[in-house]
Structures are given as C-alpha cells and as structure tokens.
Amino acid sequence: MGRDKLLFGGIGGFLLFAVGISVGVLIGWYSGPDRVTSDIEAQWAEENSGIAARLSKLIDNGEIDKNLKELTKDPHVAGRPRQFELAEWVKEQFENYGFDTAEINTYNVLLSYPSEVEGEENVVQLLEPNATASDGYDVVYESQTEEPPLDDTTEGKYVLPPFNAYSANGTVQGEIVYANYARVEDFFYLERNLSINVTGKIVFARYGKIYRGDKGKFAAQFGAKGLILFSDPADFTVEGEDVYPNGLYLPPTGTQRGSCLDGSGDPLTPGYPSVASAYRYPYKPEEAYKELGLPTIPIHPIPSNDAKKFLELMAGDEVLDSWAGGIDGITYKYGPGFASPNEDKEVRMRISTSNKRVDAWNVIGMIRGSVEPDRYVLIGNHRDAWAFGAIDPSTGTATMLEVARAFGKLVKEGWRPRRSIMFGSWGAEEYGLIGSTEWVEELSKNLDNRAVAYLNLDISISGSFVPEFAATPNLYNVIWEATKAVPDPNVTDFESNEGVAKLYDRWSLREHKKLRDDHPFIGDLGSGSDYAPFLQKVGVSAMDYTFVHDKESVPIGPYPMYHSVYETYNLVKEFYDPHFVYHQASGRLYAEMLRNLADSKILPLDCTDYADRINDFFITLRDGETGQQMIKEGITFDLMEASIKRLQTAAKTFENYIEEDLDLRNILSVRAVNDQLMNFERSFIDPLGLPGRPTIRHVVFAPSSRDTYSSDKFAGIVDTMFDIENNEDENKWEYVKEQLGAVTFALDSAAHSLDLSHLRE
C-alpha cells in the first residue's frame, strides 16, 4: 500500500505540475493584447446588421423562374424515376451553392399507384340491366381515364391516370347516395335527419372542406362500400370567369388526385423510421388494413363532367341549399339510387390501384454554424407531385432553392450564421408526409436536443392577394418583423394614400382578423404538410406560409387546379406570377426569417405570445359548447386556469430577465437561455400521444380528428368530448378528465421549463 501511495502520489504531483504549466500558459496567452481567439469573439459578437439587406438583394426572381421551369418539365410522382433524377439535381445544386454537406437519404416505404396495364384502368361506370350481357349489365357510361390535353404543355407527356392513393383494390356495385362533402356532420344529417343509411351504398361526395382521406374513413365508418369524389364547379370555379387554358379555373375535365392514407409516414413502420433494420407490419395487398391507416373501401376521383352524368339521374329529395353544388342543368338530390325511368340502373367502381414498397428520397443540405453548429434552424419543402406540380410543391421548391443559393453565396464570401441552417427537400409528402416523417423519426433524438425551429415552404404562391401564415405563437414576432423588412412585390395593387411599401403593410391592410397590438392574424397548425412531424412528434416550433388569393371574395380553396394535370409552368407564368415577383417576396421573407433565427445571439422565440395565446384558446374552450358541457357534468377548469396563469407569469418573468438582467457577454448564460427558449415547445409533448393517435403527441396543437388539415386546440379534450351525448361508453367522462389532467400537467411543465433559479445568483 505504501508503495502504491508513493507511486500514485508521484503521478499526482507530476499531473499537478503539468496542469499548472498548462494553466499558466493559457492565462498568459489570453491575458496578452490581441489574444482573444476568433471563437470567443464570435460567441460575443452580435449578428451582422448588413447581412439582411445583402440577402434580400441576392434573391433573384429570374433564378426562381428557371428553377420552376426545370422542376416542372415532367411529372415527378414519388418513387418514380423522375423523382430520383430531381433528388440528384437538388443535391447537385446544394453542392454548387457551397454547402458544407449535401446528401440523399433513402427510405423504402409503401406507396400506391394505379394499374398501367391496358384494360385495368380505374373507372366508374353507369350500368343498365341486360339479361343477355355476360355479367347481366351493359355499360351506359364510363368515366374518363385521363385528363385530355388542353394545350401543348401536357401534349406528349406521360402522366399517371387520376387515382386516390391507397384506395382499396376491387370492384363494387350498387346504389349511390349523395353526401355533400362526406364530413361526419354530413353523414349525421343523412342518418339522423333524413333516415338515409349509407350502409352497402356507394357514396358520391364533392372535394373540399376536409382532407380526402377523412372522407374515405368516414364513408367506411358509416357502412359505405365505395366512395366517388368529384371536383364541383362551386368549389373550383367562379361564375363568368374563364377556365384553363383561357383562365386559371378548373375545366370540367380536371381531376384532383391525392392520398387517402389515414395518418402520416410509412404505413408499415408506424412510429419508427423505414430503415433497413425496421420491423415492418406483414402486408398482403388483398387484405384490408384499417389499423395501418389504409382505406378499406375503393375510392376514386372523377371530374365534374363525369359527375354530372350520375347526379342528373338521382332520386330522392332536393338537397339543402348548402349541399347544392354548381354543375349546370341539374338538381342535386340525396338519393339513394336513380329516379324513374332510370331506377334499375346502378353504379360500378372498378379500381385496380395497388400498393407496393419503393424508395423515397430526401435531400438534406447544411450550412454549418460558426458558434453553435449543434443548433439547427431548418427549412423544408417537398419535391414530389401528382403530375407536373407547378404550384404544389414546385413554387415552394423553386423558391427554397433560391434562398439556398443566396445563403451559399454569403458563405462563399466568408460569412457564416451563428447556428447551422439545414435545408430539406422531402420525398413522398403527397402520400402522407412520408419523407419528412421518416427523417424525423430516424433523427428524433438529435432533433429533440438540437432543433431550434422548422420553417415549412410547401407552396410559395397560389394567389397574389395577401400572405397567409400559420405558426406556433412563439414565432409570431419573427414573422411580423420579417414581413416588415420585405418590400411589397407589387405596390401598384394599392392607391398611393394607402401607404403600402412593405409586405407587412399589404398583409395588415387586407387581413381583417387581428392579434395583439393590431398585428395581422396568424393561424394555427394542423397537418397536411411537412411541419407536422416536427411539431407533433418532437415538439419543434414551426410555421407555414403561402401567398394566396382573396378568399373572402373568391371562397374557393386551396386553388382551382389543385393536383390536376393542368397545374403546369404555363399556368403559373401566365395567370399567377408572370415576373415571379411574388415568388421573390416569398424568398426574401424566408431568407430573413432564417437569418434571424440562425444568427441572432438570443433566439427570437417569444414565450409570452405563446402563453397569452394559450389563454385565448382556453377561454374559447371553457366558454364554448364543449366547455359548458363539461361544467354541466361537474368538471371544473380551475386547475387548468391556474396553470395557465402560472405559465403567463413565468413567461413574462423570463422575458424581463432577458431584457433587463441577462449578461450578453456571459457565454454560458446566453446558451442556457437559448436552450430554454428552444426547449419550451417540447413541454407540450405527451409521450403517450393523443387518444387513439399515439404518434400525435402535442397537447396544444394537433390536427382535428375530423379534418386532418385543420387544427384543434387541446385535441385530447376535444376528441373525447366529440358527440359524447351519443357515446354509450360508461367511462366516457373519465376519459375527458384524463385528458384535462394531461393538458394541465403539460402547461405546468411549460412554466417549469422557464425557471431561472440556475441563472440567478
């Protein structure tokens, strides 16, 4: 033992001597003049005030035009060869721009395609009995199997025929029932008010109002054996205005494609990434897999000129005014079936769509941060489309690439952001946010620890009237300030006395709903685009944006040519943005938001806006029909209200500390505060997820269970309360109380996340 003590004592003495020399050298180095390293200087430095103006100047509308032309040369459906070609092209652009890294991530996922075999086309047929026919029926009418070319843009280009992805495969035949938009409330009205049961019927419904996959889910839940969707002129045209190719409205041959998956991500690996080691649920194409979110009934889209052939024959009472569409020359009726003398006719759906495993490709490019390279500010856009995709998603892709080029130019000139900026070009979004979801699932731990915010740019422009935003409330101020920095793309839209110079001015003048301090309204995030996995799986603050048309005077949505073959480069160039100035404004907007989030010393994430907005949502819940039902049942909101008050107090205290007490020269304190701002959103993540939706985990913002595109606030409470008076489960009120408790706990967790005791002396 004595020898050991001598041995280790000698070693210890040597180490102390060595450390002493080292510390002395370091102290001597740093105490000398001009000895502060560039790394330390960078950490102390404020952002370069001239970069914002330089970025804005670099965004070139001509470059965006060239990008869009390249992206829309050919159809680029997910999993198809052109998609991979574009993935390689985007990667090459990132490399040419001077990014530090650019790579393609591949995921093998379940996608869906119509049959391309002659004789197996997806069709809807009108049948007339004929005892001498081989199957007992003659085909009187058959829906179109492709959208005919209306100009030379689509001439000679092969496009997959219209279909609804993941539709069940097979043939169904019977009577039809018209169900308006196929919402839950529409089926309730048919069943409860009209005593029309859709069990065993084929439902005929128009596109619009809610996600098409929810229409298929509800039709199956109410017993239908098939669903036919059509684009009604009332929802996609304006009376007296020209349709394509003479105008921007949907022609009667236009057909909306789209996915009907109930959920997001690869259906075979729910909650986990589709990597080589992943367990995949056994899948047999001939079987229905409701538990995987796959439709259990055939679903197929048709254009309005086909829909007319069926609707004009229908029996039953005339529909409510709110159910009547805009097809000329017909009276909309509920059915079921056809009126005399056509009562013996039936409808047959023959669907040959099939699902198969193929590759989807994400492209990830990164500019490494100079001070905090382990903190990521992300921007993303999906690359896949149902056909040419000139608006969705290619306006967004073209714009994001120009933002990437501008940042790359600055990097080549010697500038770097404080934090890393990551650009994501997602594959297979159209099928159910698959590319982004798989990437988030694979990197969830890293993103949980490192992601600052995600900026989504799905569609850059679908109109030229006003910018439209949705975001988590801590990003409100980032958005407002960015719009104040971006020149308005077309001030000639306004009279000189209206004082419009910046994008914010246009937005404030034309957006009639307001938030605090009379700022223009920002909406809430649901799902339907790639922000969803970031926000709802990991708790990364997020936003979305599109330049849109005047939705008050022209109440159609999202835009007339949505997911049709006529959504082409010519459409954008001739009718939306001939000089790409609205694209340019969008690029400048995103460049400024990225710069602010990536380069500001203190993250511009506002917890007070978030807390105050949560209080608004709470008041709406408590004082609305849902809350009053709960109170009537003896359920109190007192504890939830108290938690919100604590959250508001904690947020205000935290904000005051940053403004008044934080030492900006203290590197560790700055880092600690930024981490709290970044992690604040994570407080709203419930590891157990929402009732029946375990992979959707955000307790404040979640997609509505009755419309995936829409946002529900406190969705766990809303879901358990839905139609509760007709719910026969004896534990139904216990489920409501459980969700109220989960929300209240998350609110308290958010308040605790802003604790300052570790920073105060």
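What counts, and where the lines are drawn
Residue numbers restart at each chain and count upward from 1, following the sequence in its written direction. For a predicted model such as this one, the threshold for reporting local features is a pLDDT of at least 70, and the threshold for listing and counting side-chain atom pairs is 80 or more; totals across whole chains, interfaces and linings nevertheless cover every residue. Just so you know, side-chain values use all the structure's heavy atoms and leave hydrogens and water out. Starting at the N terminus, helices and strands are each numbered in turn, a helix being any DSSP run of H or I of at least four residues and a strand any DSSP run of E of at least two. With the radius of gyration taken over C-alpha atoms, the globule rule is written as 2.2 Å times the number of residues to the power 0.38. Only protein chains enter the accessibility calculation, which uses a 1.4 Å probe; a residue is then buried when its area is under 20% of its type maximum, exposed when over 50%, and partly exposed in between. Two residues form a contact once any of their heavy atoms are found within 4.5 Å. To be clear on the numbers: accessible area is Shrake-Rupley with a 1.4 Å probe, and residue cover counts the displayed protein chains and nothing else. For the purpose of counting charges, residues Lys and Arg are taken to be positive, whereas Asp and Glu are taken to be negative. His and the chain ends are not included. Charge coordinates come from a single atom per side chain, which is NZ of Lys, CZ of Arg, CG of Asp or CD of Glu. Helix axes are fitted only over the stretch in contact, all axes being lines through C-alpha atoms; the angle between N-to-C directions runs from 0 to 180 degrees. Angular relationships are summarised with four words: roughly parallel below 35 degrees, roughly antiparallel beyond 145, roughly perpendicular across 65 to 115, and oblique for the angles in between. Left-handed describes a crossing whose near helix is turned anticlockwise from the far helix by less than a right angle; the clockwise case is right-handed. All amino acids are sorted into three groups, where Ala, Val, Leu, Ile, Met, Phe, Trp, Tyr, Cys and Pro are nonpolar, Asp, Glu, Lys and Arg are charged, and the leftover types, Gly among them, are polar. Every case where a carboxyl oxygen of Asp or Glu lies within 4 Å of a side-chain nitrogen of Lys or Arg is listed as a salt bridge. In this scheme Phe, Tyr and Trp rings, the latter by its six-membered ring, pair at centre separations within 6.5 Å, and the angle between planes marks the pair as stacked below 30 degrees, edge-to-face above 60, and tilted otherwise. DSSP-based pairing: two strands are paired if at least 2 bridges between them are found.

A. Summary view of the overall build of the protein chain. For the protein chain, the count of helices and strands is 23 helices and 19 strands. Against the compact-globule benchmark of 27 Å for 761 residues, the protein chain has a radius of gyration of 28 Å, which places it among compact chains. By its C-alpha atoms, the protein chain is 105 × 70 × 60 Å across when sized along the principal axes. Considering the protein chain as a whole, with its 761 residues, one finds that 57% of them fall into the buried category. Pairs at least 24 apart in sequence give 78% of the contacts found in the protein chain among residues at least 6 apart. In the form shown here, the protein chain has an accessible surface area of approximately 31000 Å², with 49% of it arising from carbon and sulfur atoms. Within the protein chain, one finds 73 positive and 118 negative side-chain charges whose respective centroids are separated by 5 Å.

B. The arrangement of the packing of helix α20 (residues 638–660) against helix α23 (residues 732–753) in detail. Where α20 meets α23, the closest approach of the two axes is 8 Å, and the angle between their N-to-C directions is 15 degrees. The orientation of α20 relative to α23 falls into the category roughly parallel. Like other packed secondary-structure pairs, α20 and α23 cross with a definite hand, here left-handed. In contact with L639, M640, S643, I644, R646, L647 and A650 of α20, α23 contributes L740, V743, T744, L747, D748, A750 and A751. Its residues assigned to classes, the contact of α20 with α23 shows 10 nonpolar, two polar and two charged.

C. Region of interest: the pattern of salt bridges. Inspection of every chain in the model, using the stated rule, returns 48 salt bridges. Across the salt bridge formed by R693 and D719, the nearest N and O atoms sit 2.8 Å from each other. Here R693 is found in the loop between α21 (667–679) and β18 (701–704), whereas its partner D719 is found in helix α22 (residues 715–721), with 26 residues between them in sequence. Taken as a pair, R693 and D719 share a single burial class, namely buried. Residues participating in the shared-partner salt-bridge network are E372, D374, R375, R418, R419, R671 and D675.

D. Structural context of the packing of aromatic side chains. Tallying each qualifying case throughout the model produces 41 aromatic pairs. Ring geometry for Y178 against Y332: centres 5.7 Å apart, planes inclined by 55 degrees, an arrangement best described as tilted. Separated by 154 residues along the polypeptide, Y178 in strand β6 (residues 176–178) and Y332 in the loop between α9 (304–311) and β11 (346–351) bring together distant segments of the chain. Across the pair, Y332 and Y178 agree in class, each one buried. Summarising the aromatic geometry, the rings of F187 and F222 are spaced 4.9 Å apart at their centres and angled 15 degrees between planes, so their arrangement reads as stacked. Pair noted here: F187 is in helix α6 (residues 184–193) and F222 is in the loop between α7 (212–221) and β8 (226–230), with a separation of 35 residues, a long-range link.

E. The environment of I434, seen in detail. Position of I434 among the secondary structure elements: in helix α11 (residues 434–442). Classification of I434 as buried rests on a relative accessible area of 0%. Along the chain, I434 and P555 lie 121 residues apart, while their C-alpha atoms are 30 Å from each other. In this structure, I434 is in contact with V109, L110, L111, Y166, G265, D266, G427, A428 and E429, ignoring residues within four places of it in sequence.

F. Representation of the sheet that holds β8. Taken together, the four strands give an open sheet; going across it, the order is β6-β7-β8-β10, and neighbouring strands pair in parallel fashion. Only two strands of the sheet have a single neighbouring strand rather than two, namely β6 and β10 (299–302). Each strand of the sheet is rotated relative to its neighbour by a mean of 25 degrees, with strand direction disregarded. Alignment of β6 against strand β7 (residues 202–206), held across three bridges, turns out to be parallel. Note that in β7 the partner of I176 across the bridge is I202. The strands that α7 touches are β7, β8 and β10; relative to β8, the one it contacts most, it runs at about 150 degrees.

G. Region of interest: the sheet that holds strand β1 (residues 101–113). Strands sit in the order β1-β12-β14-β13-β15-β17-β16 across an open sheet of seven strands; the sheet is mixed. For this open sheet the edge positions go to β1 and β16 (466–471), each flanked by a neighbour on one side alone. Strand after strand, the sheet turns through a mean of 20 degrees between neighbouring axes, direction not considered. Across five bridges, the pairing between strand β13 (residues 372–382) and strand β15 (residues 451–456) is parallel. Residue pairing across strands places V377 opposite A453, the latter belonging to β15.

H. Highlighting the pairing of β11. Where strand β2 (residues 123–129) and β11 come together, five bridges link them in antiparallel fashion. What sits directly across from V124, in β11, is M349. With five bridges connecting them, strand β5 (residues 170–174) and β11 associate as antiparallel partners. Residue pairing across strands places Q173 opposite R348, the latter belonging to β11.

I. Structural view of α6. The complete set of buried residues in α6 reads V184, D186, F187, F188 and L190. Packing partners of the buried residues in α6 comprise β6, β7 and α7. S195 occupies a position one or two residues after α6 and carries a positive phi of about 55 degrees.

J. Expanded view of unusual backbone geometry. The omega angle of the peptide bond from S340 to P341 is 10 degrees, so this bond is cis rather than trans. Here P341 shows up in the loop between α9 and β11. Cis peptide bonds are those with omega within 30 degrees of zero, and the linkage from G557 to P558 qualifies with -5 degrees. If you trace the backbone, P558 turns up in the loop between β17 (542–548) and α16 (569–576). Backbone geometry at N180 places phi at a positive 55 degrees, although glycine is not the residue there. Along the chain, the position of N180 falls in the loop between β6 and α6. Residues other than glycine seldom take positive phi values, yet A428 does so here, at roughly 60 degrees. Tracing the sequence through the fold places A428 in the loop between β14 (419–426) and α11. The exposure class of A428 is buried, given its relative accessible area of 1%.

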